[in-house]
Amino acid sequence: MGKVLIVDDEPAIGNYLARLIVGFGHEVITTLNASETLAKLENGDFQLIIADIRLPDAPEPQKWICQLCEKAKGSPVVLISGAPSPELTTCAAQNGVLAFLSKPFELAFIKNILKNVFEK
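Residues numbered from 1 in each chain as written. Predicted model: local features only at pLDDT ≥ 70, side-chain atom pairs only at ≥ 80, totals over all residues. Heavy atoms only, no water.

*Asks:* I keep staring at helix 1 (residues 11-23) and nothing clicks. Help me out?
*Replies:* Here helix 1 contains 13 residues, and its C-alpha end-to-end distance of 18 Å stays within 8% of the 18 Å for a straight helix at 1.5 Å per residue. Within helix 1 the residues assigned to the buried category are Ile-13, Gly-14, Leu-17, Ala-18, Leu-20 and Ile-21. Looking straight down helix 1, one finds that the buried residues subtend no more than 165° of arc, so they occupy a single side. Relative to its buried face, helix 1 has exposed residues pointing more than 90 degrees away, namely Ala-12, Arg-19 and Gly-23. In this fold, the buried residues of helix 1 make contact with strand 1 (3-7), strand 2 (27-31), strand 3 (48-52), strand 4 (77-81), strand 5 (99-102) and helix 5 (107-118). Directly beyond the C-terminal end of helix 1, a positive phi value near 95° is found at Gly-25. (Helix = DSSP H or I, 4+ residues; strand = E, 2+ residues; numbered from the N terminus. Expected span 1.5 Å × (residues − 1). Buried < 20%, exposed > 50% of the residue type's maximum accessible area, 1.4 Å probe, protein only. Arc of directions from axis to C-beta. Contact = heavy atoms within 4.5 Å.)

Here is the structure:
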């Protein structure tokens, strides 16, 4: 069992992802904004972070990706984006982001991410 941080300002999306991941036997913590997320990352030991790239209190997306990946302390980061741009994709790759999760979420994609992260 692993500990996953889910970050999304839309509670319905965060709760949906949380139910899916808990169903696979993992512990989930959810946050709704960037400041709460950064605080949780300071105090928690997460094996996976799944975060929206657009939050009301987050800096512009490229800066947010850099901040998030730095605070993740080497834990895999998956970004949620409706439509990642080439610039965001490049920024994500440069910061070691594992994948982009597009809305709507596919169960198989989430299951694959969990398998890759927790079966190592």
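*Asks:* Just checking my understanding: could you explain the packing of helix 2 (residues 34-43) against helix 3 (residues 61-71) for this structure?
*Replies:* The packing of two helices is summarised by the inter-axis angle and the distance between the axes. Between helix 2 and helix 3, the least distance of the axes is 9 Å, while the angle of their chain directions is 20°. Considering their axes alone, helix 2 and helix 3 lie roughly parallel with respect to each other. Crossing hand, helix 2 versus helix 3: left-handed. For the pair helix 2 and helix 3, contact is made by Ala-34, Thr-37, Leu-38, Leu-41 and Glu-42 and by Trp-64, Gln-67, Leu-68 and Lys-71, respectively. (Axes fitted to C-alpha atoms, helices over the stretch in contact; angles between N-to-C directions. Parallel < 35°, antiparallel > 145°, perpendicular 65-115°, else oblique. Left-handed = near helix turned anticlockwise from the far one by under 90°.)

*Asks:* Looking at this structure, I do not really get the environment of Pro-76. What am I missing?
*Replies:* With respect to the secondary-structure elements, Pro-76 resides in the loop between helix 3 and strand 4. You can call Pro-76 partly exposed: its relative accessible area is 24%. Put simply, Pro-76 and Val-97 are 21 residues apart on the chain and 6.7 Å apart in space, counted from C-alpha to C-alpha. With residues near it in sequence (within four places) discarded, Pro-76 still touches Gln-47, Leu-48, Ile-49, Leu-98 and Val-117.

*Asks:* It is not clear to me how the packing of helix 3 against helix 4 (residues 86-94) should be interpreted in this structure. Could you clarify?
*Replies:* Across the interface, helix 3 lies against helix 4 with an axial gap of 10 Å and an inter-helix angle of 15°. By the criterion of interaxial angle, the relationship of helix 3 to helix 4 is roughly parallel. In this structure, the crossing between helix 3 and helix 4 has a hand that is right-handed. Facing helix 3, whose interface residues are Pro-61, Gln-62, Ile-65 and Cys-66, helix 4 presents Glu-87, Leu-88, Cys-91 and Ala-92. Along the lines of polarity and charge, the residues of the contact of helix 3 with helix 4 split into 6 nonpolar, 1 polar and 1 charged. (Nonpolar A, V, L, I, M, F, W, Y, C, P; charged D, E, K, R; others polar.)

*Asks:* Which parts of the structure should I look at to understand the side chain of His-26?
*Replies:* Residue placement: His-26 occurs in the loop between helix 1 and strand 2. Only 3.0 Å separates the side chain of His-26 from the backbone nitrogen of Gly-2, close enough to count as a polar contact. Filtering out sequence-adjacent residues up to four positions away, His-26 remains in contact with Met-1, Gly-2, Val-4, Ile-21, Leu-114 and Phe-118. (Polar contact = N/O pair within 3.5 Å; in protein donor to acceptor, adjacent residues only side chain to side chain.)

*Asks:* Explanation requested: the pattern of salt bridges in the structure shown.
*Replies:* Any two side chains of opposite charge can pair if their charged atoms end up close together. Under the definition given, this model contains 1 salt bridge. A salt bridge links Lys-71 to Glu-42, with the shortest nitrogen-to-oxygen separation between them at 2.8 Å. Taken together, the residues Lys-71 in helix 3 and Glu-42 in helix 2 connect sequence positions 29 residues apart. Residue class for Lys-71 comes out partly exposed when judged on its relative accessible area of 28%. Owing to a relative accessible area of 45%, Glu-42 belongs among the partly exposed residues under this scheme. (Salt bridge = Lys/Arg side-chain N within 4 Å of Asp/Glu carboxyl O.)

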